[in-house]
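# Results of the structural survey
Listed below, chain by chain, are the residues.
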Amino acid sequence: MRGHPTPATAAATAVLLACVSCSGTSEPTPGTRTSSTATTRTTTAPAGPLTLTRGQGFDRTGAFTSLMTCDDPRDYSPGLNFANVPTGTRELALTMVDLNVHKIHWLQLAIPPTAHGISAHHLLPGAREALNDFGEATYDGPCPPHGATHRYQLTLYALHEPMPTSFDGSTPPTRTLQEIKRRAFASAQLVAPYTRH
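Residues numbered from 1 in each chain as written. Predicted model: local features only at pLDDT ≥ 70, side-chain atom pairs only at ≥ 80, totals over all residues. Heavy atoms only, no water.

### Re the nonpolar core
If you look at the biggest cluster of nonpolar residues, it comprises 30 residues, and the most contacted ones within it are Leu52, Phe64, Leu80, Phe82 and Leu154. Contributions of two or more residues to this core are made by β3 (80-83), β4 (91-98), β5 (103-111), β9 (149-159) and β10 (184-195). Excluding its chain neighbours within four sequence positions, the residues that come into contact with Phe82 are Thr51, Leu52, Leu92, Ile111, Ala115, His116, Gly117, Ile118 and Leu156. (Core = buried A, V, L, I, M, F, W, Y, C linked by side-chain atoms within 4.5 Å. Buried < 20%, exposed > 50% of the residue type's maximum accessible area, 1.4 Å probe, protein only. Helix = DSSP H or I, 4+ residues; strand = E, 2+ residues; numbered from the N terminus. Contact = heavy atoms within 4.5 Å.)

Shown next, in the form of structure tokens:
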């Protein structure tokens, strides 16, 4: 997601999300990317395995809507829901990889372990994005060739120790992804397609 503010700046210029009807999903109102506050969870043990499910930005079939892709100039990141974060998680990390061409589209680090998810076009306080395979420390949405369908794997990782701050907008994406996997002790995935017409 291009040109997002830092969480501190965004807190002062928060943009409200409005629900609109679009292929059975709700999407954010156009505007500057904002921060949102992580919700807190109870201290009871998780009821099951770590899970990652679709939020805003997907249609009824589970595919990305165009607002979350290169076909829209806003190219917003999707909303996602988390559940059953394991006890002992120090932080969460989120990745998105094009399974067809093995390109890393998104690396988000330092997501609070208390978070129940992220809203579309939002970055939680304290979270940060690392360099992707497109040379940007941000989200770059699905962008397959015209007429093609690509599949994108989103993975949520529970880390037993935080990622060092040295992993940032200058670290090679494959190195960041390898380090996320090294520190992870649980993960959850979902795969969403996108067809570019």
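### Re the sheet that holds strand β2 (residues 51-54)
Read from one edge to the other, the open sheet built from three strands follows the order β2-β3-β6, with strand pairing classed as antiparallel. Of all strands in the sheet, those with a lone pairing partner are β2 and β6 (117-118), marking the two edges. In this sheet, β6 lies alongside β3 in antiparallel orientation, the contact comprising two bridges. If you follow Asn81 over to β6, its bridge partner there is Gly117. (Pairing = 2+ DSSP bridges.)

### Some points on the packing of aromatic side chains
The full count for this structure, using the stated rule, is three aromatic pairs. Centre to centre, the rings of Phe64 and Tyr152 are 6.0 Å apart; their planes meet at 90 degrees, and the pair counts as edge-to-face. Here Tyr152 lies in strand β9 and Phe64 lies in the loop between β2 and β3, a separation of 88 residues in the sequence. Classification of Tyr152 by relative accessible area gives buried; the value is 0%. Judged by centre distance (5.0 Å) and plane angle (80 degrees), the rings of Trp106 and Tyr139 are edge-to-face. With a gap of 33 residues between them, Trp106 in strand β5 and Tyr139 in the loop between β8 (128-129) and β9 connect regions that are remote in the sequence. On the basis of relative accessibility, which here comes to 0%, the residue Trp106 falls in the buried class. Since its relative accessible area comes to 0%, Tyr139 is described here as buried. Stacked on the ring of Phe58, the Lys or Arg Arg54 has its end atom at 5.6 Å from the ring centre. Positioned above the aromatic ring of Tyr76, the side-chain terminus of Arg74 is 6.0 Å from the ring centre. (Phe/Tyr/Trp six-rings, centres within 6.5 Å; stacked < 30°, edge-to-face > 60°. Lys NZ or Arg CZ within 6 Å of the ring centre and 35° of its normal.)

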